[in-house]
Structure formats: C-alpha cells, structure tokens
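In case you want the letters, here they are:
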Amino acid sequence: EIHSFVPGPVKKNLVVAENDDTSLYPPDRWAPVFEAAARQIVKESGVTRGYCLVYGLETGRLAYELARRTDLMIYAIEPDARKVAVARRMLETAGVYGARVCVDQGSLSALPYSDYFANLVVSEHALVNGSLEGTSAELLRVLKPIGGALMIGQPAEARGVAPALPATDLKKW
C-alpha cells in the first residue's frame, strides 16, 4: 500500500513498476563495448552479489550494464560534476538510481568508502579512455581481501572505438 499525505484528491488504481527499458542508452558504437565489458567482468570475476565500485565514471553505462546482469549494489565515483549529473539522470530514467546504483562526486585518490567494502572494483574511465587515474593502493584498500575481484581493462570490442589501455601502463599502475 502507498499512503499519500498530499492535499487534494487521490488517483485510484495507480500502478508502480520498475522501468525495464533496455534501450536507455542509444545503440551506438559504444553499446557493444559496454555490453561485452559487463559480460566479461561477470563471467571472469564470478561476482554477482554484494557491492561493486565503478572507479571513474564517464557515462554510467558500465554501472547500468552490470546492474542489468547482476544483483550487485553498485557505487560509482567521479570527480567531474557534469558527468555525475548526466549519469544520475540516465540511471534514474532506467529506474536503477538509488535502488541499485549510487553515483558520488569525489576524489579518486581518497575514496570516501570504508576499507574492504567492495566485492568487485571496475573502471569505466579505463574502459573508455584507455588510461588509469588515482592509485591502485586506494582500490586495494576498498577491495575485499578474500573473494574480491579487481577487473580493469577493455574487451576485444573496444578495439577501434576506445584508445587502447597499454599493458605497460597497467603494470606500472
């Protein structure tokens, strides 16, 4: 039951349902990249429940694709206020913002999360831009030490769409 404490007449027979719009983001050249990345992350990590951190948010698409494929509670962090606002709006339209996905604005070098909270850590920034931000030490701080998975990289579908993430950069990071 839903009770309304608003003055005026109440509409009868309202239906409340989650939005299951699978066409939230356009079927552009990025769609296969995000879909493949989410599939590969879930398959290789085996993590489908618990908490996920999306480190460096570009559009919110990776968080959305992971939410579609898992039961994870997903937290995303991004320093850029504009990117945060766009991602929140898109994820709210999809019906997952607040319920399955939270987007925070903040520093990538000093994450506002407790130690060992994340079962899974991924990076949309690395996927889209082919570069790494912040420090690996900060990600390891928030990653569960037993059973946690840190998955940073690009699927084969990213070739020709996103700048490549050099293996040497990943090793140095």
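Preceding block: the structure.
For the structure given in this document, a descriptive report is provided here. (Residues numbered from 1 in each chain as written. Predicted model: local features only at pLDDT ≥ 70, side-chain atom pairs only at ≥ 80, totals over all residues. Heavy atoms only, no water.)

1. Structural notes on the packing of aromatic side chains
Under the counting rule described, the total for this entry stands at 7 aromatic pairs. Their ring planes at 80 degrees and their centres at 6.0 Å tell us that tyrosine 75 and phenylalanine 117 sit as a pair that is edge-to-face. On the criterion of sequence distance, the pair formed by tyrosine 75 in strand β2 (residues 73-78) and phenylalanine 117 in the loop between β3 (101-105) and β4 (120-122) is long-range, its members being 42 residues apart. Among the residues examined, tyrosine 75 registers a relative accessible area of 24% and is labelled partly exposed. When its relative accessible area of 13% is taken as the criterion, phenylalanine 117 is described as buried. Through pairs of rings, three or more aromatic residues link up here, namely Tyr51, Tyr75, Tyr113 and Phe117. (Phe/Tyr/Trp six-rings, centres within 6.5 Å; stacked < 30°, edge-to-face > 60°. Helix = DSSP H or I, 4+ residues; strand = E, 2+ residues; numbered from the N terminus. Buried < 20%, exposed > 50% of the residue type's maximum accessible area, 1.4 Å probe, protein only.)

2. Side note on the nonpolar core
If you look at soluble globular proteins, the nonpolar side chains tend to sit buried side by side. Counting 36 residues, the largest nonpolar core has Leu66 and Ile74 as the members making the most contacts within it. For this core, the secondary-structure elements that each account for two or more residues are α1 (31-45), β1 (51-55), α2 (61-69), β2, α3 (81-94), β3, β4 and α4 (124-129). The element that contributes the greatest number of residues to this core is α1, accounting for 6 residues. Those residues in contact with isoleucine 74 that sit more than four places away from it in its chain are Cys52, Val54, Ala63, Leu66, Ala67, Arg100, Val101 and Cys102. If you look at the next biggest cluster of nonpolar residues, it comprises 15 residues, including Tyr55, Ile77, Leu111 and Ile152. (Core = buried A, V, L, I, M, F, W, Y, C linked by side-chain atoms within 4.5 Å. Contact = heavy atoms within 4.5 Å.)

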